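Topology and contacts: notes
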Amino acid sequence: MIIADKKPIEEIIEAIKDYKKILILGCNECVTVCEAGGKKEVEILASALRMYFLNQSKDVKIDEKTLERQCDHEYLEEIRNTVENYDSILSLACGVGVQFTAEKYHSTPVFPGVNTCFLGATEERGVWVERCQACGKCILASTGGICPVSRCAKRILNGPCGGSSKGKCEINKDLACAWQLIIDRLKALGKLDEYEKITPIKDWSTDRAGGPRKVIREDVKQ
Amino acid sequence: MRLEYPSNIKIIRIPCTGKLDIIHILRAFEKGADGVYAVGCLEGSCQFNNGNIRSRKRIEQAKKLLDTIGVGGERVAMYNLSSGEGTHFASYAKEMNEKIQKIGPNPIKLAKKRMAA
Ligand code: SF4
């Protein structure tokens, strides 16, 4: 899922302080799971902002709504008839949701309420870790299911580098060396011969090097 | 025991302090409460293992948030006691009451009055 983290409330206040009718828009998907922008976070932020503005003797209307998703037209359409009641939207969705909302409702300024961080998994509640960089050409089949693109600091494809020590990466002694993990896993799978193969230079054109990306599926496209 | 505690304290019963969420604390302040405190079991003796630890964390988060928005984090607190410690219950209630009396009324309550006038 997409992992996001809450923005400091001070930063949010600074962005929206001049608006009078604000809709706080949550998202029921990834940001709900990583506890940054779901219904609960919307409620807390809305309550805190209402109190902040009241305390400043400012009459600001703050409403709450959480959509199933903000990255799909059909769900974003749900606010079509009410959006005109607001002079701004504070979206707690990931950067995708914020942009999709802004694209759909041209004349309403949309502000982000979270920092979108990475594609990751929940290691334990409150700890989210990066696992994928969406490079567009998955190599997990040959690396024992461990991704050096997202988990190796240098993104090297024939590792480890000289900085790998006692299974840890040189950038941080608490960080596992991705290549050590790959070797251990390939060994456990009895596939160390995979490790012996030299991986050729990766085609980064499917990554961000090729500019903004698009997936077009003629088989499902209407 | 027939112990007395300040009559201005409203008790809201929840199954475990782990049920307490930040929003419950914030809503209490939005509605005009001058202070909010949770009374949970002693740490290490939660029937649900870590309900009171969760509660403490949420109290801490609410404190920070209330400080940021100018309501004052010192208006919230967490106390722990065992179910047999009625005397502690009463003394914590008095302690909290005195603290809040000293801090004064919830600024949100005052702001609401100001805005209505
Ligand atoms: S130590 Fe391992 S994870 Fe760190 S940069 Fe080198 S190969 Fe990558």
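Coordinates for the structure precede this section.
In this text, all values refer to a predicted model and were calculated from it rather than measured experimentally.

Bringing the side chain of A:Glu43 into the picture now. Mapped onto the fold, A:Glu43 is located in helix α3 (residues 39-55). Accessibility expressed as a relative area gives 16% for A:Glu43, which makes it buried. Here the side chain of A:Glu43 touches B:Arg27 through a polar contact of 3.5 Å, side chain to side chain. Apart from the residues within four sequence positions on either side, A:Glu43 is in contact with A:Glu64, B:Ile23 and B:Arg27.

Let's shift gears to the pattern of salt bridges. Here the structure, examined in full by the defined rule, presents 20 salt bridges over all chains. With its nearest N and O atoms 3.5 Å apart, the salt bridge here joins A:Glu43 to B:Arg27. Of the two residues, A:Glu43 is situated in helix α3 and B:Arg27 in helix α1 (residues 22-30); the pairing between them involves two chains. Under the relative-accessibility criterion, B:Arg27 is labelled partly exposed at 34%. Between A:Glu64 and A:Arg50 there is a salt bridge whose closest N-O contact spans 3.2 Å. Residue A:Glu64 is found in strand β3 (residues 61-67), and its partner A:Arg50 is found in helix α3; the two are separated by 14 residues along the sequence. The partly exposed category is assigned to A:Glu64, whose relative accessible area is 33%.

Right, let's get into the interface of chain B and chain A. Often the size quoted for an interface is simply the accessible area lost on bringing the parts together. Each side of the interface is counted separately: chain B has 21 residues, and chain A has 16 residues. On the chain B side of the interface with chain A, the three residues burying the most area are B:Glu30, B:Ile69 and B:Met115, jointly 33% of the side's total. Counting across the interface, chain B meets chain A through 3 salt bridges. A salt bridge links B:Glu30 to A:Arg50, with the nearest nitrogen and oxygen atoms 2.8 Å apart. Summed over the shared surface of chain B and chain A, the result is 7 residue pairs in polar contact (both at pLDDT 80 or more). Considering only residue class, the side of chain B that touches chain A consists of 12 nonpolar, 2 polar and 7 charged.

Across residues other than glycine, the phi torsion is negative in most instances, and most of the peptide bonds are trans. Residues and elements named next belong to chain A. With an omega of 0 degrees, the peptide bond running from Gly159 to Pro160 counts as cis. Secondary-structure assignment places Pro160 in the loop between α6 (148-151) and β8 (168-169). Backbone geometry at Ser57 places phi at a positive 60 degrees, although glycine is not the residue there. Checked against the element boundaries, Ser57 lands in the loop between α3 and β3. Residue Ser57 is classed as partly exposed on the basis of its relative accessible area of 38%.

Turning our attention to the sheet that holds β3(A). Residues and elements named next belong to chain A. Spatially, the 4 strands line up as an open sheet ordered β3-β2-β4-β5, and their pairing is parallel. In the strand order of this sheet, the two ends are held by β3 and β5 (110-112), each with one partner. Adjacent strand axes in the sheet meet at a mean angle of 25 degrees when their direction is disregarded. Packed onto the sheet, helix α5 (residues 95-104) meets β2 (21-27), β4 (88-91) and β5 and runs at close to 175 degrees relative to β5.

Reading guide: rules and limits
Residues numbered from 1 in each chain as written. Chains lettered and ligands numbered in written order. Predicted model: local features only at pLDDT ≥ 70, side-chain atom pairs only at ≥ 80, totals over all residues. Heavy atoms only, no water. Helix = DSSP H or I, 4+ residues; strand = E, 2+ residues; numbered from the N terminus. Buried < 20%, exposed > 50% of the residue type's maximum accessible area, 1.4 Å probe, protein only. Polar contact = N/O pair within 3.5 Å; in protein donor to acceptor, adjacent residues only side chain to side chain. Contact = heavy atoms within 4.5 Å. Salt bridge = Lys/Arg side-chain N within 4 Å of Asp/Glu carboxyl O. Buried area = accessible area lost by both parts, 1.4 Å probe. Nonpolar A, V, L, I, M, F, W, Y, C, P; charged D, E, K, R; others polar. Pairing = 2+ DSSP bridges. Axes fitted to C-alpha atoms, helices over the stretch in contact; angles between N-to-C directions.

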